[in-house]
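Fold and contact review
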Amino acid sequence: MSRKTIFYIIFFSLLVVAFYVVLIKVISGFTKSKLPPISYVQPFSFTNQDGKIVTQKDVEGKVYLANYFFTTCKSICPRMNNEVKKVYEHFKTEKDFLILSHTSDPATDSAAKLKKYADSIGVRTQNWIFLTGRKDSLYRQARLSYRIDDPNNSVKNIDDDFLHTQFLALVNKKGEVVKIYDGLRQTEITELIKDAEKLLRE
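The text that follows walks through the structure, step by step, so that each part is easy to find. (Residues numbered from 1 in each chain as written. Predicted model: local features only at pLDDT ≥ 70, side-chain atom pairs only at ≥ 80, totals over all residues. Heavy atoms only, no water.)

Here the focus is the overall build of the protein chain. A count of helical and extended segments in the protein chain gives five helices and eight strands. Mapped from its N terminus to its C terminus, the protein chain presents α and β elements in the order α-β-β-β-β-α-β-α-β-α-β-β-α. In the protein chain, which comprises 202 residues, the proportion classed as buried is 43%. If you take every contact in the protein chain between residues at least 6 apart in sequence, the share linking residues at least 24 apart comes to 67%. In the structure as shown, the protein chain presents an accessible area of about 11,900 Å², 56% of it carried by carbon and sulfur atoms. (Helix = DSSP H or I, 4+ residues; strand = E, 2+ residues; numbered from the N terminus. Buried < 20%, exposed > 50% of the residue type's maximum accessible area, 1.4 Å probe, protein only. Contact = heavy atoms within 4.5 Å. Areas by Shrake-Rupley, 256 points an atom, 1.4 Å probe, with all protein chains shown as cover.)

To continue, consider helix H5 (residues 186-201). Between its terminal C-alpha atoms H5 stretches 23 Å, which fits the 22 Å expected from 16 residues at 1.5 Å a residue. If you follow the buried residues of H5, they end up packed against strand S4 (63-69), helix H2 (76-91), strand S5 (97-103), strand S7 (167-171) and strand S8 (176-182). (Expected span 1.5 Å × (residues − 1).)

This part takes up the side chain of Asn48. Counting through the fold element by element, Asn48 comes out in strand S2 (residues 45-48). A residue is classified by how much of its surface remains accessible, and Asn48, at 9% relative accessible area, is buried. Apart from residues no more than four positions distant in its own chain, Asn48 is found in contact with Val54, Ala111, Ile129, Phe130 and Leu131.

Before going further, it helps to examine the sheet that holds S5. Ordered by their spatial adjacency, eight strands build an open sheet running S1-S8-S7-S4-S5-S6-S2-S3, and the pairing between neighbours is mixed. Every other strand in the sheet has two partners, leaving strand S1 (39-40) and strand S3 (53-55) as the edge strands with one partner each. Pairing geometry for S2 and strand S6 (residues 128-132), over two bridges, is antiparallel. Along S6, the bridge assignment pairs Thr47 with Thr132. On the sheet, H5 packs against S4, S5, S7 and S8 and is oriented at approximately 160° with respect to S8. (Pairing = 2+ DSSP bridges. Axes fitted to C-alpha atoms, helices over the stretch in contact; angles between N-to-C directions.)

Evaluation of the coordinates by the stated rule reveals 12 salt bridges. Between Glu89 and Lys92 there is a salt bridge, with its nearest N and O atoms 2.9 Å apart. Note on Lys92: relative accessible area 36%, which makes it partly exposed. Its salt-bridge partner being Asp195, residue Lys179 comes within 3.4 Å of it at the nearest N-O pair. (Salt bridge = Lys/Arg side-chain N within 4 Å of Asp/Glu carboxyl O.)

Turning to the environment of Thr190, a few remarks are in order. Among the structural elements, Thr190 can be located in helix H5. A residue is classified by how much of its surface remains accessible, and Thr190, at 43% relative accessible area, is partly exposed. Sequence separation between Thr190 and Val87 is 103 residues; the distance between their C-alpha atoms is 8.4 Å.

This part takes up the nonpolar core. Core analysis: the biggest nonpolar cluster contains 30 residues, and Leu65, Val87, Phe97, Trp128, Phe130 and Leu170 have the highest contact counts within it. Where this core is concerned, the elements lending two or more residues are S4, H2, S5, helix H3 (111-121), S6, S7 and H5. The element contributing the most residues to this core is H2, with seven residues. Sequence-distant contacts of Val87, that is, excluding residues within four places in its chain, are made with Leu65, Phe97, Ile189, Leu192 and Ile193. (Core = buried A, V, L, I, M, F, W, Y, C linked by side-chain atoms within 4.5 Å.)

Quick look at the packing of H2 against H5 now. When two helices pack together, their arrangement is given by the angle between their axes and by how far apart the axes lie. With their axes 10 Å apart at the nearest point, H2 and H5 run at an angle of 30° to one another. As summarised for this structure, H2 and H5 are arranged roughly parallel, according to the angle between their axes. At the point where H2 passes H5, the crossing takes the right-handed sense. On H5, the residues that touch Glu83, Lys86, Val87, His90 and Phe91 of H2 are Gln186, Ile189, Leu192, Ile193, Ala196, Glu197 and Leu200. Among the residues making up the contact of H2 with H5, the classes are represented as seven nonpolar, two polar and three charged. (Parallel < 35°, antiparallel > 145°, perpendicular 65-115°, else oblique. Left-handed = near helix turned anticlockwise from the far one by under 90°. Nonpolar A, V, L, I, M, F, W, Y, C, P; charged D, E, K, R; others polar.)

Distances and angles like these do not, on their own, reveal function.
Rendered as structure tokens:
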């Protein structure tokens, strides 16, 4: 093999390496394999704490966390929302990040009740939105869109059905559910914050 051939092999090898390094620097997540989303958020229409209708169009282009709770819950909900509040505090000045907390008990949790709850925990409802609506629609959204409860948990009579979950769904700007977290685990909340920061940069 001639010196000239060796030179060209080394030269083009270095060129390929340099090009690869540039791609890593310029394109976020270039070296990471992208997993398919868990699910896609289906169209919805719920009522917020101010009595206004909120639909999927209101969250288009936003990164958001979705969870379920009820205001009279004395067990996992207060603990979960204490963890969710850490997420709220971290992102409360970020205009492209929201939290959507849906009630599991719409018969009790009216818009006014949700407003009182939001005030009691000291959060701005522009960033952390509390939602009520039809029970069947709320539960369908939890199980089929956000995947934070097994659809097989549903029962034939909606009046007998009850959703009680500590899981949180993280949704990207495209309306894709990218990851589910345990809202009672501090380590997972820390991970959620890091993941949300990455999504906001995309």
